[in-house]
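# Structure at a glance
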Amino acid sequence: MSLKANDLGFVNCPVCRARHIPAPSNLSNGVYAADCLNCGHFFKFRTTQPVRSSFSFKINGQDVTVGNEFEPTTSLNEFLRKKGISYGTKKMCIEGGCGVCVVSAKIVDALTLQPRHYTVNSCIVPVYMCDGWEITTIEGLGNTRDGIHPIQQRLADYNGTQCGFCSPAQVMNMYSLLQTNPKPSKEEVEDMLNVSVCRCTGFRSILDAMKSFTPDSCSNGLPTGLIDIEELDGKICKKTGEKCQGKCSTTNEANKMLQIVTAGAQWFKPTTKQELYSLLAQYKTQKYRLVFGNSAYGVYKDLGDWNYDVIIDLRGVQEYYSLITGSSGTTIGSNMTLTNLLEYFTSQQTSDPALKQFYDSICQHLDLVATTSVRNLGTWAGNLMMKYYHPEFVSDIYVIFEAINAQLVIADETGKESSYSISEFLALDMTGKVIVMAKIPSFNGTSNIIRTIKTMPRHQNAHTYVSAGFNMNIDAGQNYKVLTKPTIVYVGINKTFTHASQTEDYLVGKSLGDSTVLNGALQTLAKELIPDAETSLTPASYRKSVAISLFYKYVLGVCDSIVNKKYQSGSAGLTRPVSSGQQTFDSLPAEFPVSKAIPKVDGTLQTTGEAEYISDTPPQPNEVYAAYVISSVANAEIDSMDASLALSMPGVLKFLTSKDIPQGGVNNCYPERLLVIEEEVFCSGKVIYAGQPLGLIVAEDQMQANIAAGLVQVTYKNMKTPILSIDGAIRAKSFFKPPDPLNVGDPDGAIAKSDQKINGQVYCGDQYHYQMETQISICYPTEDGMNILAGTQWIDGVQQSVGQVLGIPDSSIVVEVKRLGGAFGSKISRNFPISSACAVAAHILRRPVRLQLDFHTNMKMIGKRVPYLARYEVGCTNDGKLNGIKIDYYADCGTTPNDMSNFAMEGWLDNAYYCANWNMTPYNCRTNKPPNTAARSPGSAPAMFIIETIMEHVAKTLKQDPLELRRVNLYQKGQKTPGGTTLTYCNIQPMVTQLESSADIATRKQQIETFNSANRWKKRGMSVMPLRFGIGWAGAQYNTLVTICNGDGTIAIFHGGVNVGQGINTKVIQVCAYELGVPMDIIRVKKTSSVSNSNSITTGGSITSELICMTVIECCKALNARMAPVKAKMKNPKWKDLVAKCYGEGVDITARYMSEPKDSSPFAHYSVYGVCASEAELDVLTGEYQILRTDILYDCGISMNPALDIGQAEGGFVMGLGYFLLERTIYDPKTGVNLTSNTWEYHPPMYKDIPIDFRINFLKNVSNPLGVLGSKAVGEPPFCMAVTGLLAVKHAIEAARKEINKDMYFTLNAPATVNVIQGNCLTDVTDLTFGN
Ligand SMILES: Cc1cc2nc3c(=O)[nH]c(=O)nc-3n(C[C@H](O)[C@H](O)[C@H](O)COP(=O)(O)OP(=O)(O)OC[C@H]3O[C@@H](n4cnc5c(N)ncnc54)[C@H](O)[C@@H]3O)c2cc1C
Ligand code: FES
Ligand code: FES
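Just so it is clear, the model here is predicted, and its values are computed rather than measured.

Time to look at the site of ligand 1. Near ligand 1 there are 39 residues, and of these Leu290, Ser295, Thr379, Asp396 and Lys454 occur at the shortest range. Residue arginine 289 places a side-chain N or O atom 3.0 Å away from an oxygen atom belonging to ligand 1. Serine 295 places a polar side-chain atom, nitrogen or oxygen, 2.6 Å from an oxygen atom of ligand 1. Alone, ligand 1 offers 970 Å² of accessible surface; in the complex the protein occludes 98% of this. Looking at the shell around ligand 1, the elements with two or more residues in it are strand S14 (288–291), helix H11 (372–377), helix H12 (380–389) and strand S20 (434–441). The leading source of residues in the shell around ligand 1 is H12, at six residues. Counted by class, the shell around ligand 1 contains 23 nonpolar, twelve polar and four charged residues.

Here it is as structure tokens:
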């Protein structure tokens, strides 16, 4: 019997009912005969409309065909990595937010109908979506063997890489831009670079590298110039001979509908709307989903493909690609992306100023929606549907469309089209329906003044706090009379609030220019804005206040001519010009290559994607994958754990818990010799924080493991309210044993006798490390133990941790690491649990096991920077001289104090200030948070923040210039710190003077005064901060091996430091070349191993590079000494000959050295000095700000490599800006779950958060007598100087408060996020006037 297909050529398999068409190749005379692709049943049927059951696309010029061997949920990223096509394409968040996964996709542009390159996030693109695309990955551009692409070269030359994990993505962003715009302006480059987070570099070097491709780039000693179009297409083409054809594959096949049937779901790609409607008719009662860009699940996981049985890809529906402008308005097809929309509005020309303002406003707003890559894929229709499904969604598109009164055309499954307003659309039943187009009315010739505004926690790639849209028909001649009912709309207030209807009604027929009307409107608005807590994690008070501010901004703009000049700038947002950087340093040519500014040796490997991270290690035969089951409450006991459902999934092998710790081992991953309290590998019953590992699922595939982990049912008993704050811990008296207090002199007596006594408190929060490569360990069982590739900064620690957990000797465990994709302290102790759990799994299963944390688990489970609360008391003279300081500081350790012992706050709390009498009393608070740990500048950054806050407090109380106060207290040579260090080499005083002059502080202070008195709603502030940072060497044992190969004289170095992106290997090679007198290119640095580099301490504390260099120097000295007698017998021997001769004579040409330095004084071996000035501008109405300029003068001694050290300084400073101003974690008060564990809510700095003018100057002509080769450390101290960013904003706030006579001292805690800043300005609705 032959079945009959329906109109679309579908047929149900008579056995399993899967609807599908088997492969067209089975067609004979209109009859298909085939096996069902789902159940394998053989059947026949007749059809006249063949569909495709596979699709083709190109990757790096090679054709790829995909059938149903992958599930529709498979992302392009997974596909590239599983197939081994691209390991250079990284992954991290899998939600479109970090941008580390981007590739370039050549797709036909909907507007021009020409193929065009777009940057897309490979993590959100399902591979099925790539039908007909041409994908270029980083491997398609070039490599170090066959030829490197100019963009890859430029990024390396400019030192735009540190850990290098984001570097391929940075290259791909630029590649796509240059493909469409070969001569971009600097502004276009900066605007486009909004996609990929870089946690290391501080962005300046990346920006400079990319701006070097603009026509107006200036040389600065580094390569510049436009890219040749031939070169742009990528070297790979030369190699393969597969030149890009310049057009996408448009075979006849592409015109047929695509249907792919898998065991899990069906994927359809109809090519006409008729086909789409038929599909809707057939599947409307099933779990179906339409898809275009598939980006929505980046925000809402319930919209992910895996939740649906039928997925219908709209990309083939040609009728929905339309953009037509006529006299009555514009219709925009629903397949138009946000990029199309932005480009459309940008291209609109008009001489009508109101219309131009409307276009500008929409463009500015759209430019702030998501990232370039998300906009390239995401449609406005998809965005509106997110609002439909999630009323709380803060959709910018919704607010824009509602403000301009857009109408939607929606079709049902019969193809019937109807028009709806946006609010009607939200109330519709959308089952079986599709958005076809939007109709935007024409505002040509009207007197409508339209503006939409977005307020953001970060300058790029962030959701809105509150977005608003205003559209009013205004008669300017009648004092700005509102002629008809205006539109005032918002998102971000509450789930249902859109129109400020009462205010809209109030304004009809009234003159906006009338100050009583303005006041009345503001009061009405204030009454009807009722924010809820569900819509946002941002306080309701801010959202209400900023919503009012946005209305006021609009009114100021409309009524510009009657507004007091001082108030006018309140209308606009902040304008950011193109940023720039300046770096100065000196070098000692006599010591080259040491002190030479040379790019990183593995820079090109990083920019080409060839640099291999642990997560890029190809799977070994038999390898399996693990995923954690973590707790969802913070303070309870496990009642039951049921993994039966998870274990019933195909491919799931095992669920491991605390009961599976091998005999002889212990359920404690913190090495015994280091711990204060034990830390369980898997919870044995008492849950102490949300995110705690309860067990581990092991499966054949990572996706299976992840899904199965979510299916493990856990119930809890005895749930108690968790302690989640320092205040809470103090109240509950929840403490660990603290370190001893430090008492110097008689602080109580000194304070009592002082003219001024000041006290206060200040708080600084935590910080997620945001290392781009999440925690990872791969364990390979061996005959006597375990080999481990561990993402750790501390191989020795991991070895001991795994040894004790498995109960096997440390010597049978080999731990190796070549490089890390970022660390920042997160991989010192925090890899212990990961490697231990992974090793337990490998030990039990006797198979290689890979455990890499997904981003969300990484955020929830891994402890963060330690938050601090400090309570202080200060006594000083009337002219500001410090007499005595007492500080009680409370550390939020989370659930263990194990990582606390490292951070000697006492060594930094004095910063650069002398005071004879101190008391510093630490408290270690126990809270129900993950074990907090080291994060770049642990201890030091909060310490500097505390003392700088104190200095501000004293200055404000004394009405003294804060810089003057600092100056009178600066350390002088020979003075002693409270920790007991005598400052033999102190140069802070002249450095302050030097910076004051080079940064033109006095003049700029004047300019700030002038600016502030001319502007009511924009304020500027400046902060200058000196820095003394004690660098401790004590206990820094590092073990290094330098070996010379006798055959060719090349040199291999195995050192005990870990390459975390700080440039350690480059410095090591420079030093080795210098010491042995050989060229750098014959030296290689190998991976760090617990065999060759056993007993090495962790990499951290800014000291590893210099101490490893010390060990290399000692090895080279030993080698030189051994080779000297042989050399003496030869006449000017070539290196290779000398080596051969030494070897021939039995000289040992391998040397090993272990550092064991002591500090030259307590708390520090030497001090680093620096001065930093930052200037900020603040939008008082919204709390948004920007750092206008930062000048850093830094004493790096004789920097071993100024290019790398400047990169460290910039990267550290920008990470510090994130800590002090941007990054906040919020915990659910009931469960203790981290609510900010995603890229949507957590915001590290991006390109436009850095200072607009960023100047780093290394002090010249200085050598550090206590350092290695005269150098000083640089990894952490510049981080602390980012305090100036916060304090500059604080001074701007003070200027705002001065306007309302409220300029008394206030504390600005960190992070000072936009809402906190705005709240501190104390603006009241009654202040919102025309200023007349
Ligand atoms: C990192 C990131 C940042 C973001 N930032 C912002 C931001 O700042 N502001 C903001 O407003 N948004 C933001 N978004 C949301 C983004 O704009 C949307 O994800 C995108 O526009 C959705 O379009 P899409 O084509 O990818 O939709 P898809 O993900 O393909 O679909 C989304 C939903 O819409 C449905 N759908 C799609 N097209 C149609 C149609 N024609 N008819 C009926 N149903 C349809 C789908 O079935 C699905 O349910 C962000 C998203 C990400 C990932
Ligand atoms: S992994 Fe794709 S955006 Fe983060
Ligand atoms: S270099 Fe960009 S994240 Fe490390």
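All right, on to the side chain of asparagine 494 then. Its place among the elements puts asparagine 494 in the loop between strand S24 (487–491) and helix H15 (501–507). Side-chain polar atoms of asparagine 494 contact the backbone nitrogen of threonine 496, separated by 3.0 Å. Within the local environment of asparagine 494, its side chain forms a polar contact with the backbone nitrogen of phenylalanine 497, the two atoms lying 2.7 Å apart. For asparagine 494, the contacting residues outside a window of four places in its chain are Ile530, Pro531, Asp532 and Thr535.

It is worth spelling out the pattern of salt bridges at this point. In total, this model carries 58 salt bridges according to the counting rule given. We note a salt bridge from glutamate 700 to arginine 847, for which the minimum N-O separation is 3.2 Å. Highlighted residues: glutamate 700 in the loop between strand S30 (693–699) and helix H21 (702–711) and arginine 847 in the loop between helix H25 (832–845) and strand S38 (849–852), separated in sequence by 147 residues. A residue is classified by how much of its surface remains accessible, and glutamate 700, at 35% relative accessible area, is partly exposed.

With that settled, consider the UniProt feature "binding site: [2Fe-2S] cluster 1" (unreviewed entry) in the chain. Look at the UniProt record and you will see "binding site: [2Fe-2S] cluster 1" (unreviewed entry) annotated at Cys93, Cys98, Cys101 and Cys123. Across 31 residues, the annotated set stays spatially compact, with a maximum C-alpha separation of 10.2 Å. Within the fold, cysteine 101 resides in the loop between helix H1 (76–82) and strand S9 (102–108). The buried category is assigned to cysteine 101, whose relative accessible area is 3%. Cysteine 101 has contacts with Asn77, Thr89, Lys90, Lys91, Val120, Asn121, Ser122 and Cys123, leaving out every residue within four places of it along the chain. Tracing the backbone shows cysteine 123 in the loop between strand S10 (115–121) and strand S11 (134–136). The class for cysteine 123 is buried, based on a relative accessible area of 2%. Beyond its immediate sequence surroundings of up to four residues, cysteine 123 is in contact with Ser75, Asn77, Ile94, Glu95, Gly96, Cys101 and Tyr297.

Before going further, it helps to spend a moment on the packing of aromatic side chains. Per the counting criterion, the structure on display carries 46 aromatic pairs. Between tyrosine 300 and phenylalanine 393, the aromatic rings sit 5.8 Å apart at their centres with planes inclined by 80 degrees, giving edge-to-face as the arrangement. Residue tyrosine 300 is found in the loop between S14 and strand S15 (310–313), and its partner phenylalanine 393 is found in the loop between H12 and helix H13 (396–403); the two are separated by 93 residues along the sequence. Take tyrosine 300 and phenylalanine 393: they sit in the same class, and that class is buried. Aromatic side chains tyrosine 344 and phenylalanine 345 sit 5.2 Å apart centroid to centroid with 70 degrees between the ring planes, which places their arrangement in the edge-to-face category. Since its relative accessible area comes to 9%, tyrosine 344 is described here as buried. Taken together, the ring pairs in this structure connect Phe55, Phe57, Phe70, Phe79, Tyr128 and Trp267 into an aromatic cluster.

Next up on the list: the environment of aspartate 1228. With respect to the helices, strands and loops of the structure, aspartate 1228 is situated in the loop between helix H34 (1202–1222) and strand S50 (1253–1258). For the pair formed by aspartate 1228 and alanine 690, sequence separation is 538 residues and the distance between their alpha carbons is 9.7 Å. Filtering out sequence-adjacent residues up to four positions away, aspartate 1228 remains in contact with Leu724, Val1233 and Leu1235. A polar contact of 3.2 Å, which involves the side chain of aspartate 1228, links it to the backbone nitrogen of threonine 1231.

At a minimum axis separation of 10 Å, helix H10 (residues 353–367) and H13 run at an interaxial angle of 165 degrees. Relative to H13, the element H10 is oriented roughly antiparallel. The element H10 and its partner H13 pack so that their crossing is left-handed. Together, Ile362, His365 and Leu366 of H10 and Asp396, Ile397, Val399 and Ile400 of H13 make up the contact between the two elements. Among the residues making up the contact of H10 with H13, the classes are represented as five nonpolar, one polar and one charged.

The next thing to look at is the nonpolar core. Formed by 236 residues in total, the largest nonpolar core has its most connected members in Tyr490, Leu512, Phe551 and Ile1051. When sequence neighbours within four positions are dropped, the list of residues in contact with isoleucine 1051 reads Val1042, Thr1043, Ile1044, Cys1072, Leu1076, Val1078, Ile1082, Ile1083, Arg1084 and Trp1135. By size, the runner-up hydrophobic cluster in this structure holds 51 residues, among which are Tyr689, Ile776, Val817 and Phe832.

We now examine the sheet that holds strand S13 (residues 266–269). For sheets, the rule is that strands pair by backbone hydrogen bonds, running either parallel or antiparallel. Taken in spatial order, the four strands make up an open sheet running S12-S13-S15-S14, and their pairing is mixed. Every other strand in the sheet has two partners, leaving strand S12 (258–261) and S14 as the edge strands with one partner each. Adjacent strand axes in the sheet meet at a mean angle of 15 degrees, parallel and antiparallel pairs treated alike. Taken together, the four bridges between S14 and S15 define a ladder with parallel strand orientation. From the neighbouring strand, valine 291 faces S15, where its bridge partner is aspartate 313. Most of the contacts of helix H8 (residues 273–283) go to S14, to which it runs at about 155 degrees, and overall it touches S13, S14 and S15.

Attention now goes to the sheet that holds S9. Strand order in this open sheet of five strands is S8-S7-S11-S9-S10, and the pairing throughout is mixed. Each edge of the open sheet is held by one strand with a lone partner, namely strand S8 (62–66) and S10. The average angle at which neighbouring strand axes cross in this sheet is 30 degrees, direction not considered. Note: strand S7 (residues 55–59) against S8, five bridges, orientation antiparallel. Looking at S8, one finds that phenylalanine 55 is bridged to valine 66. The sheet contacts of helix H3 (residues 167–180) involve S9, S10 and S11, and relative to S10 the element is tilted by about 160 degrees.

To continue, consider the UniProt feature "binding site: [2Fe-2S] cluster 2" (unreviewed entry) in the chain. Here the UniProt-annotated "binding site: [2Fe-2S] cluster 2" (unreviewed entry) positions come out as Cys163, Cys166, Cys198 and Cys200. Maximum C-alpha separation among the annotated residues is 9.3 Å over a sequence range of 38 residues, consistent with a single clustered spot. Looking at the element boundaries, cysteine 163 is found in the loop between helix H2 (150–157) and H3. You can call cysteine 163 buried: its relative accessible area is 5%. If we ignore the near neighbours within four places in the chain, the residues touching cysteine 163 are Cys200, Gln606, Tyr613, Leu820, Gly821, Gly822, Val1060 and Gly1061. For cysteine 200, the position within the fold is in the loop between helix H4 (186–192) and helix H5 (204–211). Residue class for cysteine 200 comes out buried when judged on its relative accessible area of 5%. Other than its neighbours up to four places away in sequence, cysteine 200 contacts Gln162, Cys163, Phe824, Arg936, Gly1207 and Gly1211.

Cut-offs applied
Residues numbered from 1 in each chain as written. Chains lettered and ligands numbered in written order. Predicted model: local features only at pLDDT ≥ 70, side-chain atom pairs only at ≥ 80, totals over all residues. Heavy atoms only, no water. Near = heavy atom within 4 Å. Polar contact = N/O pair within 3.5 Å; in protein donor to acceptor, adjacent residues only side chain to side chain. Areas by Shrake-Rupley, 256 points an atom, 1.4 Å probe, with all protein chains shown as cover. Helix = DSSP H or I, 4+ residues; strand = E, 2+ residues; numbered from the N terminus. Nonpolar A, V, L, I, M, F, W, Y, C, P; charged D, E, K, R; others polar. Contact = heavy atoms within 4.5 Å. Salt bridge = Lys/Arg side-chain N within 4 Å of Asp/Glu carboxyl O. Buried < 20%, exposed > 50% of the residue type's maximum accessible area, 1.4 Å probe, protein only. UniProt positions renumbered as here; feature names shortened; annotations may be inferred. Phe/Tyr/Trp six-rings, centres within 6.5 Å; stacked < 30°, edge-to-face > 60°. Axes fitted to C-alpha atoms, helices over the stretch in contact; angles between N-to-C directions. Parallel < 35°, antiparallel > 145°, perpendicular 65-115°, else oblique. Left-handed = near helix turned anticlockwise from the far one by under 90°. Core = buried A, V, L, I, M, F, W, Y, C linked by side-chain atoms within 4.5 Å. Pairing = 2+ DSSP bridges.

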